[in-house]
Amino acid sequence: MNKEFCWNVRVYYEDTDTGGVVFYANYLKFFERARTEWLRAHGIGQQLLAETHRAMFVVRSTSVDYHAPAKLDDELKLTVVVQKLGRASVEFFQEAWRVRGAEKTLLTSGSIRVGCVHTETFRPHPIPDEVLDRIRAA
């Protein structure tokens, strides 16, 4: 369970503060997009998960370190790796890198733990077996 998945994004004006630097909380949005695309790439649609299993993933905790700033128009490479898989949770390690040709700079890294909950009660819900199998195969 340690294969790296990559997703590229571009920094837009809406992502930055008045100085043209990415606002720190927006890295969590970038990480969310990369995790969503990671799920999609492994055949796990979040809407279908909710409709068929009444289950959804929610962020339980985050720990993020900031190493260098991203700026307007930067191209970012976001990475996703599964660190730990539980019966009702997944812990991901994610990074954001600035890419300029062959040059790469680590900007942000962090662990994000998501829990699987029931769509109506928001109580912990086991990750459906078919989803667990896809995560393990990833």
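Quick summary incoming for the structure in this document. (Residues numbered from 1 in each chain as written. Predicted model: local features only at pLDDT ≥ 70, side-chain atom pairs only at ≥ 80, totals over all residues. Heavy atoms only, no water.)

### A short note on the overall build of the chain
Check the secondary structure of the chain and you find three helices and five strands. Along the chain, from the amino end to the carboxyl end, the secondary structure elements read β-α-α-β-β-β-β-α. For 138 residues, the compact-globule formula gives about 14 Å, and the C-alpha radius of gyration of the chain, at 16 Å, lands near that figure. Along the first, second and third principal axes, the C-alpha set of the chain runs to 45 × 30 × 25 Å. Counting only residues that meet the buried cut, the chain has 41% of its 138 residues in that class. Residue pairs in contact within the chain that sit at least 24 positions apart in sequence constitute 68% of those at least 6 positions apart. On the chain, roughly 7900 Å² of surface is accessible, and the fraction owed to carbon and sulfur atoms is 50%. (Helix = DSSP H or I, 4+ residues; strand = E, 2+ residues; numbered from the N terminus. Rg over C-alpha atoms; globule rule 2.2 N^0.38 Å. Buried < 20%, exposed > 50% of the residue type's maximum accessible area, 1.4 Å probe, protein only. Contact = heavy atoms within 4.5 Å. Areas by Shrake-Rupley, 256 points an atom, 1.4 Å probe, with all protein chains shown as cover.)

### Topic: the environment of D17
Along the chain, D17 turns up in the loop between strand 1 (5-10) and helix 1 (26-41). In this structure the C-alpha to C-alpha distance between D17 and L72, which are 55 residues apart in sequence, comes to 9.4 Å. Within the structure, the side chain of D17 is placed 2.9 Å from the backbone nitrogen of G19, a separation counted as a polar contact. (Polar contact = N/O pair within 3.5 Å; in protein donor to acceptor, adjacent residues only side chain to side chain.)

### Focus on the nonpolar core
Counting residues in hydrophobic clusters, the biggest one holds 32 residues, and the most contacted among them are W38, F57, V90, I127 and I135. Of all the secondary structure elements, the ones that give two or more residues to this core are strand 1, helix 1, strand 2 (55-66), strand 3 (75-85), strand 4 (89-100), strand 5 (103-118) and helix 3 (129-137). For this core, the element with the highest residue contribution is helix 1, accounting for six residues. When sequence neighbours within four positions are dropped, the list of residues in contact with F57 reads L39, Q46, L49, V90, V114, G115, C116, I127 and V131. (Core = buried A, V, L, I, M, F, W, Y, C linked by side-chain atoms within 4.5 Å.)

### Thoughts on a nonpolar patch on the surface
On the surface, a cluster of nonpolar side chains totalling about 340 Å² of accessible area is made up of F23, Y24 and Y66. Mapping Y66 onto the fold places it in strand 2. (Patch = residues over 30% accessible without salt bridge, like charges linked within 9 Å, V, L, I, M, F, W, Y side chains within 5 Å. Salt bridge = Lys/Arg side-chain N within 4 Å of Asp/Glu carboxyl O.)

Spatial relationships are all this shows, so hold off on functional conclusions.
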